[in-house]
There are 2 protein chains.
Amino acid sequence: MNQPFEPIRLEPAYRKVAAALIERITARSFNSGDRLPSETALAQQFGVNRSTVREALRELQTAGLLTRSRGSKLMMVTRPQADHVANSVSRALVLHDVTFLHVWESMSMFEPLIAEAAAKRRNDTDLALLQQAQESFVLHKEDTARCVHHVAEFFGVIAAASHNPVLVLAQEPLIQLLEPSLGAMIDRVAQARSRIVAAQRRLSEAIRERNADDARTWMAKHIRDFRRGYEVAGIDLEVKIKV
Amino acid sequence: MNQPFEPIRLEPAYRKVAAALIERITARSFNSGDRLPSETALAQQFGVNRSTVREALRELQTAGLLTRSRGSKLMMVTRPQADHVANSVSRALVLHDVTFLHVWESMSMFEPLIAEAAAKRRNDTDLALLQQAQESFVLHKEDTARCVHHVAEFFGVIAAASHNPVLVLAQEPLIQLLEPSLGAMIDRVAQARSRIVAAQRRLSEAIRERNADDARTWMAKHIRDFRRGYEVAGIDLEVKIKV
DNA sequence: GAAGCTGATATTGTCGGACAATCAGCAATT
DNA sequence: AATTGCTGATTGTCCGACAATATCAGCTTC
């Protein structure tokens, strides 16, 4: 008789509603692009108040499962976009006191392998996007914010070229965390821009020729270069990243 | 005068409130473990209705920034836990039609390097946890659900031993996605359990001795083994993972 | 027939108030 | 000292309301 009872957990209604909706979406009963029923309709169907439904909707919205296209009233079911998910991952990492060194180490581990996979599996569309990102960087060399954005784009295109959604999603938060400081680095290190241009050229060349080894090694160099850039710029790698 | 106006976006109040709260938390004005003011207090401070505050709170809750400790009424500020964040990442991946092959490929890329980092940086606590996970697996060999859970734990401990939060968070969703099917595999493949035990022993040995090379290669073998297990069990690797 | 305008309708965002359930802390009781 | 009962604070949920505006059908115009 010494057996303790399991703690009985009663979930609030808004959580149940959210769970029910999520279940429907992941089971593909709602397809991406479909419009959700109106709040009042949902409230009626679930037999709860509209306020309760609204609280549930906030949850789905935060999870990236619902979006409203620019200034529109209707809510659309959608597949969570990489940048949205990565956003909350980034925030989590910041709150876990992640440092530049942590991020850099992870990138030096992952990126070469991602580049290798991209070289093996890229298709023509990937190549076009890659070249476009590359050209955009050169074109906006002067505008720091913009060219940093194109560096991020370049990495994103490479990950996408691997045709493995896991790699895309794993990489995105790293880029997000690095982006702000990357601007500072580029501004302080004279040759940074030209070195990036050179690395991108080698990389896209290797990927175009499906040369996995070259892609890997050039990416490894590229990442090492970033670290040197940070050191030259006098950015402490052990410092915790802020938002 | 040709400059087009930027689309003016008017954010709803619940989003502004959420943003304000998130800003406070990431800026460490609220520390982990602090409890949030009551909903009515927040409503007064922000000058909005309590319903609006509640919608904002749902967002923070979903992001893992707020938790309620078991059946307690008070909301606690907290650092997003890995499993919570990984949950939404997993869901996102599922909705992006991720296959077992995608997950396996990512693990075969990441895990050996993670094991290598763990071997280099593990401390005594990590070792103890590793051994504990290892023993738990052996102890519950019969209970499939439980021993799968301990496989996940083993991987988690290795990632933690790298002392790089990025690696911990990058790995978690992969394990989560694999966990259910891993049970099916283990049940169908006779020697699966013993092979896992052997691999875990080699791995923790390598990590104990800080032998990075061994850790890497044994992990690589371990991961390859998983794939063979899936194939033997007749699980189609190209199939999309469901929740 | 296509394109543009118009007004009715539906939907969202926000508010105020209300009430039951229950959790925390304190007083009373044994 | 430990247990029980009480009280106030807090959450979960509901109802009803209203302004702003997105949507859509119908009408007008070319």
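Peer 1: Would you mind showing me how to read the relation of the copies chain A and chain B here?
Peer 2: The transform that puts chain A on chain B rotates by 180° and translates by 0.1 Å along the axis, for an RMSD of 0.1 Å. Here the transformation between the copies is reduced to the relation of a two-fold axis. A shared binding surface is used by both copies, with 100% of the interface residues of chain A retained as interface residues in chain B.

Peer 1: I would appreciate a short explanation of empty space enclosed by the protein in the present structure.
Peer 2: Take a probe with the size of a water molecule and roll it over the atoms, and the empty space left behind shows itself. Under the defined criterion, the tally for this structure stands at 6 cavities of 30 Å³ or more. Roughly 190 Å³ of volume is contained in the largest cavity. Within the residue set of the lining of the largest cavity, elements represented by two or more residues are α4 (82-95) and α8 (165-188) of chain A together with α4 (82-95) and α8 (165-188) of chain B. Partitioned by chemical class, the residues of the lining of the largest cavity number 17 nonpolar, no polar and no charged. Put simply, the second largest cavity is a space of about 70 Å³. As for the second largest cavity, its lining consists of B:Met107, B:Val151, B:Ala152, B:Phe155, B:Ile175, B:Leu178, B:Glu179, B:Leu182 and B:Phe226. Listed by contribution, the elements that provide at least two residues to the lining of the second largest cavity are α7 (144-161) and α8 of chain B. It is α8(B) that provides the largest number of residues to the lining of the second largest cavity, a total of 4 residues. Here the lining of the second largest cavity is composed, by residue class, of 8 nonpolar, no polar and 1 charged.

Peer 1: Can you walk me through a positive patch on the surface in this structure?
Peer 2: Residue and element names in this part refer to chain A. On the surface, Arg201, Arg202, Lys221 and Arg224 cluster together into a positively charged patch. Elements with a minimum of two residues in the positive patch: α9 (192-208) and α10 (212-232). Assignment of secondary structure puts Arg202 in helix α9. Under the relative-accessibility criterion, Arg202 is labelled partly exposed at 44%.

Peer 1: Can you help me understand the packing of aromatic side chains in this one?
Peer 2: Each aromatic ring pair is summarised here by two numbers: the centre-to-centre distance and the angle between the ring planes. Scanning all chains against the criterion turns up 5 aromatic pairs over all chains. Plain terms: the ring middles of A:Phe110 and B:Phe110 are 3.9 Å apart, the flat faces sit at 25° to each other, and that makes the pair stacked. Taken together, the residues A:Phe110 in helix α5 (residues 100-121) and B:Phe110 in helix α5 (residues 100-121) connect one chain to another. By relative accessible area, A:Phe110 is classed as buried at 1%. Measuring from ring centre to ring centre gives 6.2 Å for A:Phe155 and A:Phe226, while their planes differ by 40°; the resulting arrangement is tilted. Remark: A:Phe226 occurs in helix α10 and A:Phe155 occurs in helix α7 (residues 144-161); sequence separation between them is 71 residues.

Peer 1: Quick question: what am I supposed to make of the domain arrangement of chain A here?
Peer 2: By a frequent convention, interface size equals the accessible area lost on bringing the separate parts together. Annotation of chain A at the domain level lists domain 1 (13-77) and domain 2 (83-232). One C-alpha centre belongs to domain 1 of chain A, the other to domain 2 of chain A, and the line joining them spans 35 Å.

Peer 1: Help me understand the protein's contact with DNA strand C in this model?
Peer 2: Near DNA strand C there are 17 residues, and of these A:Arg50, A:Lys73, B:Ala13, B:Asn49 and B:Thr52 occur at the shortest range. Counting only the atoms of DNA strand C that lie within 4 Å of the protein, the sugar and phosphate share comes to 65%. At a separation of 3.4 Å, a phosphate oxygen of DNA strand C approaches a polar backbone atom of B:Tyr14. Here a phosphate oxygen of DNA strand C and a backbone polar atom of B:Asn49 are 2.8 Å apart. Of all the secondary-structure elements, those providing two or more residues to the surface near DNA strand C are α3 (50-62) of chain A together with α1 (13-26) and α3 (50-62) of chain B. The greatest single-element share of the surface near DNA strand C, amounting to 3 residues, is contributed by α3(A). Tallied by class, the residues present in the surface near DNA strand C amount to 4 nonpolar, 5 polar and 8 charged.

About the thresholds
- Residues numbered from 1 in each chain as written.
- Chains lettered and ligands numbered in written order.
- Predicted model: local features only at pLDDT ≥ 70, side-chain atom pairs only at ≥ 80, totals over all residues.
- Heavy atoms only, no water.
- Least-squares fit on C-alpha atoms with pLDDT ≥ 70 in both.
- Contact = heavy atoms within 4.5 Å.
- 1 Å grid on protein atoms, 1.4 Å probe; cavity = no way out; pocket = protein on both sides within 12 Å on 5 of 7 lines; lining within 4 Å.
- Points joined across faces, edges and corners; volume = space filled by probe spheres on them.
- Helix = DSSP H or I, 4+ residues; strand = E, 2+ residues; numbered from the N terminus.
- Nonpolar A, V, L, I, M, F, W, Y, C, P; charged D, E, K, R; others polar.
- Patch = residues over 30% accessible without salt bridge, like charges linked within 9 Å, V, L, I, M, F, W, Y side chains within 5 Å.
- Areas by Shrake-Rupley, 256 points an atom, 1.4 Å probe, with all protein chains shown as cover.
- Salt bridge = Lys/Arg side-chain N within 4 Å of Asp/Glu carboxyl O.
- Lys, Arg positive; Asp, Glu negative; His and termini not counted.
- Charge placed at Lys NZ, Arg CZ, Asp CG, Glu CD.
- Buried < 20%, exposed > 50% of the residue type's maximum accessible area, 1.4 Å probe, protein only.
- Phe/Tyr/Trp six-rings, centres within 6.5 Å; stacked < 30°, edge-to-face > 60°.
- Domains from an automatic or database assignment.
- Near = heavy atom within 4 Å.
- Polar contact = N/O pair within 3.5 Å; in protein donor to acceptor, adjacent residues only side chain to side chain.

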